[in-house]
Amino acid sequence: MYLSKGLGVILCVMFTIAGANFAWAADKKSEKVTDPVLAGFIENAKAYVELRTKIEKDLPPLKDKEGAEEINAHQRTVRMKIAAARSGARRGSLFTPEVTASLKRILDGDLRGPDGKMARTTMTEESPAHVACKVNAAYPSNEPVSTVPPDLLQKLPQLPDNLEYRFSKRGDLILRDAKANMIVDCLPGAVSTVKKSPETKTE
Amino acid sequence: MKYARVFNFFVLILGISVWGAAAADPLLAQDEPRCEIRLPNEKDSIRFAVAGDAGTGGSKQRDVARQMTLCHAVFPFEFVLMPGDNLYGSEKPKDYRTKFEEPFADLLKAEVKFYAALGNHDNPEQRFYKNFNMEGERYYSFEKGPVQFVALDSTYMSPEQLEWAEKELRGSNKKWKIVFFHHPIYSSGGRHGSDLELRKVLEPLFVQYGVDVVIAGHEHFYERIRPQKEITYFTSGAAGKLRKGNVEKTDLTAASFDTDRSFMLIEVTGDTLHFQSVSRTGQTVDSGTVTAREAERPKAADAKPTGSNREKRGENP
Ligand SMILES: [Fe+2]
């Protein structure tokens, strides 16, 4: 009797914990897609990735032990083929006015105050000064990329396979395809920049 | 007669220039370049080197690589960790040659493996490059004896990557856990300093899952940080670039070197990790030991509950 009562209590506690964990996990996963506008944005991003996957299928696959020539040729070919396939794409194809408004709400919310200033410095520090906000253009390969604060990445909708958010020194938000090293879309002046401290000499 | 005098004059000038250059550059001034090892150098230990921010293709990077080769002759390390900025500037096939393959040709010939992490100057497609051994991934892990190595992409610490890192660290029962990535979360660098955003998300994982040592680059100097929450942090980001005099005086620094390029030599023997930091010219600029966090915990039999994850998993020292 006592045993079955005890078992019942244990089971009850287990189910409660499991339920809470499940709810937490589900909440964590669904966090980014509660906004239907952003859910639509992610769907479009997935469609872009599908296009890239299709293009890559027609090319010799890149394995994990390639030479520099193969890596270079593969990336260039993928970029050129994607650019040709979406030659009609313009700035705002993915960052539509509605998506822009939703993203700006996240950016503005996260980048306010002293903590926000620190994040903005991280984001724009060492990022390329003259990256053209131009769809289908190559991301300048001679330039470093900005570091995107992990906190912000947790708030922005999570992008599919090898698409990433990057920022330019001017504060433009760039949707970058890391595989093709290409600008998929660009949102000028998405964040206000922070005045940079004077640089120390690097040899 | 006149020509002989002119010739003698040129020989004199040449002699003075060579002497001047030798006096200014200790590498040229050395009679016999060599590498003095202050590590146990045991046969069955895990021996490796660290060379961050190397990929300039410049003469100083080649000096560092040459010094590493000298050290390899007496301390045969099996592999090299590259905590990012592996190739500066353009990344055409010729850049892979001039900024990596040629400077490190002797080590590559000796079958030394390189394991790279991505820095802010690196194209993520480096993950497919055969000599960087990244398994085609932006973040990955590998094991060597009692050590688990985890390479992260600190330029883009997505929730997906964090989840992976947690799983990786939680799942490993190795005595040693060494994580390497580009941006230091503790640094006295005047240019960048500690990456606090990254620290917020990474440090709790490192503490909880028993990471012993963290190796970063990005700051172009060498620095050893006083243990933070039992973890030892190294910045070794001067194998190619140098930001002279950029280490600011903070309480964080246990040792630093910012007047020339440098690299690290590391050896793991049992519960002890031995490290030695060597300058471009072969000077030892820092050396010492780190004890495995696991070894410092009380044995299971007399252990009081500490809430430590590793003890919860029953992995006794
Ligand atoms: Fe860097």
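Residues numbered from 1 in each chain as written. Chains lettered and ligands numbered in written order. Predicted model: local features only at pLDDT ≥ 70, side-chain atom pairs only at ≥ 80, totals over all residues. Heavy atoms only, no water.

Another aspect to go through is the overall build of chain A. In terms of regular secondary structure, chain A is built from six helices and three strands. Going from N to C terminus, chain A has its helices and strands arranged as α-α-α-α-α-α-β-β-β. Taking contacts inside chain A between residues at least 6 apart in sequence as the whole, the part at least 24 apart equals 64%. Taken as a whole, chain A presents about 10900 Å² of accessible surface, with 60% of it coming from carbon and sulfur. (Helix = DSSP H or I, 4+ residues; strand = E, 2+ residues; numbered from the N terminus. Contact = heavy atoms within 4.5 Å. Areas by Shrake-Rupley, 256 points an atom, 1.4 Å probe, with all protein chains shown as cover.)

Let's shift gears to helix 3 (residues 68–85) of chain A. Compared with the 26 Å implied by 1.5 Å per residue over 18 residues, the 26 Å span of helix 3 of chain A between its first and last C-alpha is a close match. In the core, the buried residues of helix 3 of chain A are packed alongside helix 2 (36–57), strand 2 (173–177) and strand 3 (182–187) of chain A together with helix 4 (93–101) of chain B. (Expected span 1.5 Å × (residues − 1).)

Moving on: the state of the cysteines. Residues and elements named next belong to chain A. The final tally for this structure, using the stated rule, is two disulfides over all chains. The partner cysteine of Cys133 in its disulfide is Cys186, sulfur to sulfur 1.8 Å. One disulfide, between Cys133 and Cys186, carries an S-S torsion of -90 degrees and so falls in the left-handed class. Note that Cys133 is positioned in the loop between helix 5 (113–124) and helix 6 (150–155) and Cys186 in strand 3, a separation of 53 residues in sequence. In this pair, the class of Cys133 matches that of Cys186, namely buried. (Disulfide = S-S within 2.5 Å. Buried < 20%, exposed > 50% of the residue type's maximum accessible area, 1.4 Å probe, protein only.)

Residues and elements named next belong to chain B. Coordination of the iron ion by the protein comes from Asp85 (OD), Asn120 (OD1), His182 (NE2) and His218 (ND1), over a distance range of 2.2 to 2.3 Å. Look at where the donors of the iron ion fall in the sequence and you get D-x34-N-x61-H-x35-H. In this pair, His182 sits in the loop between strand 6 (176–180) and helix 7 (196–208) while His218 sits in the loop between strand 7 (213–216) and strand 8 (222–228), placing the two residues 36 residues apart along the sequence. The exposure classification of His182 matches that of His218, with both residues buried. (Donors = N, O, S within 2.8 Å, 3.2 Å for Na, K, Ca; no water.)

With that settled, the discussion passes to the interface of chain B and chain A. Facing 47 residues of chain B, the contacting portion of chain A comprises 48 residues. Each partner contributes to the roughly 4000 Å² buried at the junction of chain B and chain A, and carbon and sulfur atoms together form 47% of this total. It is B:Tyr156, B:Arg191 and B:Glu197 that lose the most area in chain B upon contact with chain A, and together they represent 19% of the buried surface on that side. Across the chain B-chain A interface, the total number found is three salt bridges. Within the residue set of the side of chain B that touches chain A, elements represented by two or more residues are helix 4, helix 6 (159–171) and helix 7 of chain B. With five residues, the single largest contributor to the side of chain B that touches chain A is helix 7 of chain B. Each residue belonging to the side of chain B that touches chain A can be placed in one class, and the counts come to 13 nonpolar, 15 polar and 19 charged. (Buried area = accessible area lost by both parts, 1.4 Å probe. Salt bridge = Lys/Arg side-chain N within 4 Å of Asp/Glu carboxyl O. Nonpolar A, V, L, I, M, F, W, Y, C, P; charged D, E, K, R; others polar.)

Before going further, it helps to spend a moment on the side chain of B:Arg47. Residue and element names in this part refer to chain B. The topology assignment puts Arg47 in strand 1 (residues 46–50). Here Arg47 is buried and forms no salt bridge, its nearest opposite-charge partner Glu267 lying at an N-O distance of 4.8 Å. In terms of polar contacts, Arg47 uses its side chain to reach the side chain of Asn41, at 2.6 Å. Setting aside anything within four residues of it in sequence, one finds Arg47 in contact with Asn41, Glu42, Phe75, Pro76, Phe77, Glu78, Phe79, Ile266 and Glu267. (Lys, Arg positive; Asp, Glu negative; His and termini not counted. Polar contact = N/O pair within 3.5 Å; in protein donor to acceptor, adjacent residues only side chain to side chain.)

With that settled, the discussion passes to the environment of B:Val207. In this fold, B:Val207 is placed in helix 7. Beyond its immediate chain neighbours, meaning those up to four positions away, B:Val207 contacts B:Lys229, B:Ile231 and B:Arg293.

Take the sheet that holds strand 1 (residues 163–167) of chain A next. Residue and element names in this part refer to chain A. Spatially, three strands are ordered 1-2-3 in an open sheet, and the strand pairing comes out antiparallel. Looking at strand neighbours, the two that pair on one side only are strand 1 and strand 3, the edges of this open sheet. Looking at each pair of strands side by side, their axes are set apart by 25 degrees on average, direction ignored. Helix 2 contacts strand 1, strand 2 and strand 3 of the sheet and is inclined by roughly 115 degrees relative to strand 1. (Pairing = 2+ DSSP bridges. Axes fitted to C-alpha atoms, helices over the stretch in contact; angles between N-to-C directions.)

Another point: the packing of aromatic side chains. This model, assessed by the stated rule, comprises 21 aromatic pairs over all chains. Plain terms: the ring middles of B:Phe79 and B:Phe142 are 6.0 Å apart, the flat faces sit at 85 degrees to each other, and that makes the pair edge-to-face. Taken together, the residues span a long stretch of sequence, with B:Phe79 in strand 2 (residues 79–82) and B:Phe142 in strand 4 (residues 140–144) at a distance of 63 residues. Aromatic ring contacts, followed pair by pair, group B:Phe48, B:Phe79, B:Tyr115, B:Tyr140, B:Phe142 and B:Phe149 into a single cluster. Above the ring of A:Tyr139, the side-chain terminus of A:Arg176 is found at 4.6 Å from the ring centroid. The positively charged end of B:Lys241 is found above the aromatic ring belonging to B:Tyr88, 4.6 Å away from the centroid. (Phe/Tyr/Trp six-rings, centres within 6.5 Å; stacked < 30°, edge-to-face > 60°. Lys NZ or Arg CZ within 6 Å of the ring centre and 35° of its normal.)

As a further point, take the nonpolar core. In terms of nonpolar packing, the biggest core is built from 60 residues, with B:Phe48, B:Met68, B:Leu81, B:Phe180 and B:Ile215 touching the most fellow members. If we skip the residues at most four places from it in the chain, B:Ile215 touches B:Phe48, B:Val50, B:Leu81, B:Pro83, B:Ile178, B:Val179, B:Phe180, B:Phe181, B:Phe234 and B:Ile266. Core analysis: the next-biggest nonpolar cluster, separate from the first, contains 36 residues, A:Tyr48, A:Phe95, A:Leu159 and A:Ala180 among them. (Core = buried A, V, L, I, M, F, W, Y, C linked by side-chain atoms within 4.5 Å.)

Next up on the list: the environment of B:Thr155. Locating B:Thr155 in the fold gives a position in the loop between strand 5 (147–151) and helix 6. With 36 residues separating them in the primary sequence, B:Thr155 and B:Gly119 have C-alpha atoms 6.7 Å apart. Not counting residues within four places of it along the chain, the set of residues in contact with B:Thr155 comprises A:Val145, A:Ser146, A:Thr147, A:Val148, A:Arg166, B:Leu118, B:Gly119, B:Asn120 and B:His183. A distance of 2.9 Å separates the side chain of B:Thr155 from the side chain of B:Asp153, its partner in a polar contact.

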